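# Reading the structure
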Amino acid sequence: MTKKELPLKVFLLAVAGLMAPVAISASPGTESAIAQSSRENNFVAGGIVTDSNGDPLLGVSVLVVGSNAGTTTGLDGEFKINVKKNDRLRFSYVGYNTVEMTASENMKVEMSEDNRLLSEVIVTGVAKGTSREKLAFNVEKVQNSALKEVTGTSVASTLAGKMPGIKVLPTTGNPNDEPIIQLRGALSFASTGQPLIIVDGIVTSGSLNDINMEDVENIEVIKGAAAASFYGSKAAAGVISITTKRGSSLENGKIDVTFKSEVGTSWVGFMPERTTAHGHVVDAAGNITSVIENDGIWDNKYDMSHDSYDDFFGHRLFTTNTLGISGRSASGDVNYYVSIQNTLNPGVIKKLKGVNRTSFRSNLEAKLSRTVTLTTSNMFVRKKSDNRNINFDDIFYADPNADFNAPNIDGTPYKINPNTVSTRNNPNPLYTFENSRAEGHSYRYLGLYALRYRPIEWLSLNANYSLDFSNSYSYYLSPKGNLKVSSPDGTDRELGSISTSSWNNFKHNLEIGALFSKSFGDFNTTLKLQYLYEDDKYKSVYGAGSKLAVSGMDNISLELANPETLDINSNGNRIVSNSYTAVFQGDYNGEYMLDALIRRDGASVIGNDDMWNTYYRISAAWNIAKTFKLPYINYLKPRVSYGTAGILPAYGAKYETYSMSAGSLYGASQMGNSKLKAALSRELEIGLDIKFLDRFDVALTYSHKRNTDLPYVMAVSGITGFSYQNVNLGEFFAKSYEVTVNANILNSNDFSWNVTGTWDRLTQRVGDLGRPDFQSGNLYINSNERYGKLYGTKFARSLDEVRTHKDIKPGQTAEDLFTINNYGYVVRKDRIGTTEESHMYVLDEKGNNKKVYLGNMNPDFNLNLTNTLFWKNFTFYFTMSWQQGGMLFNNTKMYMSFAGRNAALWDQSEKPWAARKSYSYTNQHPTESFMEDASFLKMREIALNYHFTRKQFQRIGIKFIDGIKLGVIGRNLFTITKFSGPDPETRTIESGVLNGIETPKYPSDIRTVTGTITIEF
Amino acid sequence: MKLKIFLLSLIAVAVSSCDDYFSGMDIKNEYQPDINTVMSDASQYPSLLSGICSSYWGTLLGYGNEAIWPLGTNSDQFAPGAGNFNLKTWSYYDGMEKPEIDNSSETAAFPKAIWYDFYGMINTLKNILAAIENGAVYTESNEDANYKILSNTYFLMGCVYTEMALMFDQCFIITEETDMTSITADNLSKAAQTQAIALDYLDRCIKICNEKGNFNNLDGLFPNRTMATGDKLRQLASFMAARCLAYFPRTKEETSLVDWNKVAAYASDALQEDIIATLPNNDYGQWTLVQNTAKTGGWARIGMRILSMMCPDDPNAKWPLPRDFDSSSTIPELTSPDRRLKTDFDYTPEQRSPAGTSFSGYTNYSPYSLNRFNDYATDGNGDEYLYTKTESDLIYAEALLNTGNITEAVRIINNTREGRGDLHDITASSSKDDAMRALYYERFVECGFPYPATPFYDRRRTPIDDFQLTSRSFRQLPVPYYELKTYGLESYTFGGEADADSRYEF
């Protein structure tokens, strides 16, 4: 409220206040009785209303329950009202839970924020900010408590476990890397379309990791075309929309300064178990030799007084410091938010520095005149990352007791060949780190400049221009003279190699729009018309060479490399798109809602024959509880929405191309496709929103997607001279059921308990592929079958499974050759109990290893639970996730098994002698041995915070501090799972397909405990 | 008024600075040209030919071509330690029943990858020839130098069709006159027709070289200036034509039908130097099977069949290795009258199987690594071989043997047999059969390692039964399944029971 509005409000209140005596005086017959009663029972109740931080709340509605009498709180949160003895007062305020208390003279009313679903205002995918109550489709919003109590380390990690229908799948644990985000499943059987990222209304092209979570006011998520049509040809995989702070909710003339520091430690949560036994000959001196014992049994124990994992992984210091200032001018015409944040996330590997990111933000909203408003958002991020990396085989394959810190023969640190029995010449990873340089430096500017002109009450015109500019530079140097693992004495040394790369991305958008918003009686209407131009340019150069001129790590110039070894290339692309959108929203008294949208989209990456597509949405909802009085039901809204959205082809997919390299034109590679289209997603979404008992919000949503014209790289006839062509084919279905329950279980002055539970179940099905069935690794993609089926080889347990074995000669039977061993597996009779004993595989009719169905990679369901408990000034918060089902191929375990390192398959040392098997038996790798159930229960976030309020500081004479919050935060503190790999949630993309595999890599199960302090003044 | 002027100025500045800042949707691909862009400028043809030379080299030697490496193990020249590229599928051991090629997968790289590579080259070459036929003129110093483009294009067209004729039983023949839109299944031609078109292109190259003399050829073709002059180009074309004729037979019976006089005519004017890329050279450095038989850590080895041939009196030189060969021990160092056992190969028992535990190739692994043709293997520096002068000479020697000139043939054979192997068992008075056996022995030891297809061609055509491909080995490649499917044809294949031959069960 501005100062100008205050006299008006005071006047209205005065008028309202006068009405009661006027009304009373109009009833002369009762005057004396009332006067008598008033004298006995009437008194002036009063007090102060504050938020949970102790800050006074202005404009809170105070009503006497059961009457029309009421007032509002003033600037200092104070109120006074005439009441009768035992009257109860109801305090209500937008965004806060309603409080009822018995009236008294010195009331202290503390109101907590209302985190429930239906009170939220949604701005994504709609013509203008709309209350969820009036929404005819599903838009998720990360709750304020989640953002406040455990500010995520990134947008992606913040989203994990917060809403149904979203999967955030880490690809690695490297702080440089970003996870895969899936909204209501995959877009296609052949690609992993990622959601469209919008920041303050800007359709961006850069990394989500660049967003400083302390700047984030809220995050909204659209999961499918039924809501995403507003974003047209880029939105079939959903939309993540981030709104940053800009001080718009502050009182006039107020400036808030917040300093937050978070310091803690990160460490690796789970490492795959290695065998601590080996099968090598130990010589007289007790040294392990490279010779394998005749029995080939891994039952000789390593001296495990030293663990190589400990040399490599460690606790690392994680810090984040943020200074934010938000303010509002005395006139209320200007509000702003500026911040600076530095985050150092070194990861969990010793010697690596991880990522050091500094971000700056400056947001402003200013009324230039009565009708013109200027809005700007500016973000600048500088990021420095340590890109030194190793092949993680070097740690997974290493001797379990290898001493990575031992010196080399020449006395330099980190012995290049730390392993005695490791078979693959894996170098010491610490030597690699110590003797290489690799850094990345990136800079990003994201800016929005928006002018809004509102000449009349019902019309608003806007012009927005935005920029998203990124620049990155990186280099890698492996210097000349490094030791070779094959020559640890230094006789033969590395010749050195160097590479450097640089790229920049410039995206700018221009949006021009008009918003018509007018009520006709109870009929509220909004119409938005919008034109959007988007232009995204990318350019890169890369150079690499080897055989360096000098040793040492001081020089990172490409000039070091022998010119004959230089490999230089450059690349670039530009995507231009235009769109015209009209969206209509209407409701009748908040009872019946209707939404209709049409968008015409054109993009340069679509085939030249027709670059334009039309997308649309039609949605409707009915608040039944407004039409019929329903007991206990505050709100009951069935809704239905049907919409379309697309996914653009990748840049270059439509062109006919000739490949070039090193000064030569090589030949045709890609056949052009002038008919290439954007993939199309059609989604029907049906839902029911219920609010009952004033405490529970429930959202039930069913969605059915049909995606067609899917992007696919198709081989073409070889004789054309081309290898492949990008085409559209196939259909893909995704059906999801989602439930969100938000309950304000308890709410009193001192204690409040909010619980949010979400559940979802997703089934995906391949429709008509439009091409023969195919495989991607273990994933079989078959027409008209459920998506996610994993197949692989399996050990035989019955003689019936090996009857086609090629060793069975005419006249012989399987029984003549094979038998079942003491583990229940089929083996050759003549080898049982020998060092040559080995499993037989399940065979097909031709005697080849049969690929059998081993499970589906998609989970049966996901369940998330978020709890927030307030007790006095304490807040206890946690988010847990449970994934039930979903098979995952444990590639790390398989690779370790290849190298004789996996404990479960190789270690025989604890078994009775008769049960021990030689490596002919243990060194076998059917798919089934590594296909594991990836069900898990994960504690994603847990926090305990204590809030010292302004009042507490005032009591001790400190007036300039508004509050201090102290807290302890744990992230990913435990995972309960039977999956024996590093993380049941991680996934790997191979050839663009998420195919149910994890691979040996930087482990992603990283645990963090931090302490935070937030000072507000 | 001031405001209006300000706004007008702002608009003027904005409009004048908008050139290229805003764009229409017709975006040109500036980093990968299309065919029209490439072919419209004749001055780009040398670059295209340079690219084809590099592609040809990479196709024959590169690791990406899973069609070539199996030829090296199918012919027992190499033995794989690990299962990479399914090489173990084709490596023979005692009692093995070799399978047929699985030609039922549209994505399997074998034999699809090489088919695509060859047609990629053919189409570019065809486009160059068609452009010149339509009037494109390549000039040097303002003079028509189309003969350079034509001679090199014909040569490369001949090279590619030679290899296709040697490998595949059928091909689509695409020339500068082919209408690509009218191709049907009926255009599939037998290998003999492919051979004919290959020879035709090579003859056209030789003709131009003879007419133009020893001209300075284009830059950037085969490495080490091995195509630098008209004479060198002619010799290469002659060598290729000799290969095309001599290596074409699929069986020893077909070998007897070869026109050896014609082979002799070509081979007499063939290579005078080895065709080598001296690395480092980014365009020619390939990760080859040869490189992977390097002394340290290599997972492919010298086939035991070669070692058995070279060590006839050593009982440890076993081939085929028994299936139950003791996996925890290895074959002791062998003895051979041939000096090359010690110079060309390294005994590396420390890499015995299972060297670690993932190498389960003990049934066909050998303890010998290659110590020749792989000096680039360690650090990417040195010579990478494709064809050698010895190979060219031995084709000529074989033609001489088959046309009655044993004396000259033996002289050529002994260049390496005596000169490098210190073997003195073949003389001018030796029988043709003995000389032929010695010739193939030399071919396996001297020519079988650089390009893994060469020993495959030799083993299927050799008249020496002991040297023949083992029973059930495929002797040529089928048209890949994907191509057959595209043209509505049934899948077929080679190898397995269809190629069983009791004469070659070892």
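All residue numbers refer to position in the chain's written sequence, counted from 1. The lettering of chains begins at A and the numbering of ligands begins at 1, in the order of writing. Owing to the predicted nature of the model, reporting of local features is limited to residues with pLDDT of at least 70; listing and counting of side-chain atom pairs is limited to 80 or more, with chain, interface and lining totals taken over all residues. Only heavy atoms go into the side-chain values, all of them from the structure, while hydrogens and water stay out.

## Topic: the overall build of chain A
Using the following cut-off: Only runs of H or I of at least four residues qualify as helices and only runs of E of at least two qualify as strands under DSSP, and these elements are numbered from the N terminus. Any two residues whose heavy atoms approach within 4.5 Å at even a single point are treated as in contact. The Shrake-Rupley method, run with a 1.4 Å probe, gives the accessible areas here. Residue values count only the displayed protein chains as cover.
Of the regular secondary structure elements, chain A holds 14 helices and 56 strands. Oriented by its inertia axes, the alpha-carbon framework of chain A measures out at about 115 × 65 × 65 Å. A separation threshold of at least 6 residues defines the contact pool for chain A, and within that pool the share at least 24 residues apart is 69%. Summed over its atoms, the accessible surface of chain A is roughly 41,400 Å², and 56% of this surface lies on carbon and sulfur atoms.

## Points about the side chain of A:Asp844
Residue and element names in this part refer to chain A. So the rule is basically this: Relative accessible area decides the class of each residue, using a 1.4 Å probe on protein chains only: under 20% of the type maximum gives buried, over 50% gives exposed, and in between gives partly exposed. All tallies of charge rest on Lys and Arg as positive and Asp and Glu as negative; His and the ends of each chain are not included. By definition, a salt bridge exists where a carboxyl oxygen of Asp or Glu is found within 4 Å of a side-chain nitrogen of Lys or Arg. Pairs of N or O atoms within 3.5 Å make up the polar contacts considered here, provided that, within protein, one atom can donate a hydrogen while the other can accept it, and that residues adjacent in sequence are counted only when both atoms are side-chain atoms.
By the secondary structure assignment, Asp844 is in the loop between strand S45 (826–828) and strand S46 (852–856). The buried charged residue Asp844 lacks any salt bridge, with Lys846 as its nearest oppositely charged partner at 7.1 Å. One polar contact links the side chain of Asp844 to the main-chain amide nitrogen of Lys846, over a distance of 2.9 Å. Those residues within four positions of Asp844 in sequence are excluded, and the remaining contacts are Thr804, Asn849 and Lys850.

## So, the sheet that holds strand S14 (residues 202–203) of chain A
All names here are of chain A. Let me state the cut-off plainly: When DSSP finds at least two bridges between two strands, those strands are taken to pair.
Judged by pairing direction, the sheet is mixed, and its five strands sit side by side in the order S10-S15-S16-S13-S14 without closing on themselves. Each edge of the open sheet carries a strand with a single partner, namely strand S10 (140–141) and S14. Looking at chain direction, strand S13 (residues 196–199) and strand S16 (residues 239–244) are connected through four bridges and run parallel. Each residue of the ladder has a partner; that of Ile197, found in S16, is Ile240.

## Focus: the sheet that holds strand S55 (residues 997–998) of chain A
All names here are of chain A. Put simply, the rule reads: A fitted line through C-alpha atoms represents every axis, and for helices the fit uses only the stretch in contact; the resulting angles, taken between N-to-C directions, go from 0 to 180 degrees.
Taking strand neighbours across the sheet as the criterion, the three strands line up as S50-S49-S55 in an open arrangement whose pairing is mixed. Since the sheet does not close on itself, it has two edges, and those belong to strand S50 (931–933) and S55, each with one partner. Across three bridges, the pairing between strand S49 (residues 887–890) and S50 is antiparallel. From the neighbouring strand, Phe889 faces S50, where its bridge partner is Met931. Together, S49, S50 and S55 form the strand contacts of helix H11 (residues 891–898), whose direction differs from that of S49 by roughly 25 degrees.

## Looking at the domain arrangement of chain B
Under the convention used in this document: An automatic or database domain assignment supplies the residue ranges for each domain.
Per the domain assignment, the segments of chain B are domain 1 (41–280 + 450–487) and domain 2 (291–372). Averaged C-alpha coordinates put domain 1 of chain B and domain 2 of chain B at centres separated by 31 Å.

## Considering the packing of aromatic side chains
Inclusion rule: Pairing of aromatic side chains here covers Phe, Tyr and the six-membered ring of Trp, requires ring centres within 6.5 Å, and sorts the geometry by plane angle: under 30 degrees stacked, over 60 edge-to-face, intermediate tilted. Geometrically, a charge over a ring is one whose NZ (Lys) or CZ (Arg) sits within 6 Å of the ring centre while staying within 35 degrees of the ring normal.
Here the structure, examined in full by the defined rule, presents 73 aromatic pairs over all chains. With 6.1 Å between their ring centres and 85 degrees between their planes, A:Phe312 and A:Phe392 make a pair best called edge-to-face. Taken together, the residues span a long stretch of sequence, with A:Phe312 in helix H6 (residues 308–312) and A:Phe392 in the loop between strand S25 (372–386) and helix H7 (393–396) at a distance of 80 residues. Here A:Phe312 and A:Phe392 have matching classes, each one buried. Taken together, the ring pairs connect A:Tyr309, A:Phe312, A:Phe313, A:Phe392, A:Phe396, A:Phe433 and A:Tyr1002 into an aromatic cluster. It is B:Arg417 that lies over the ring of B:Tyr441; its NZ or CZ is 4.5 Å from the centre.

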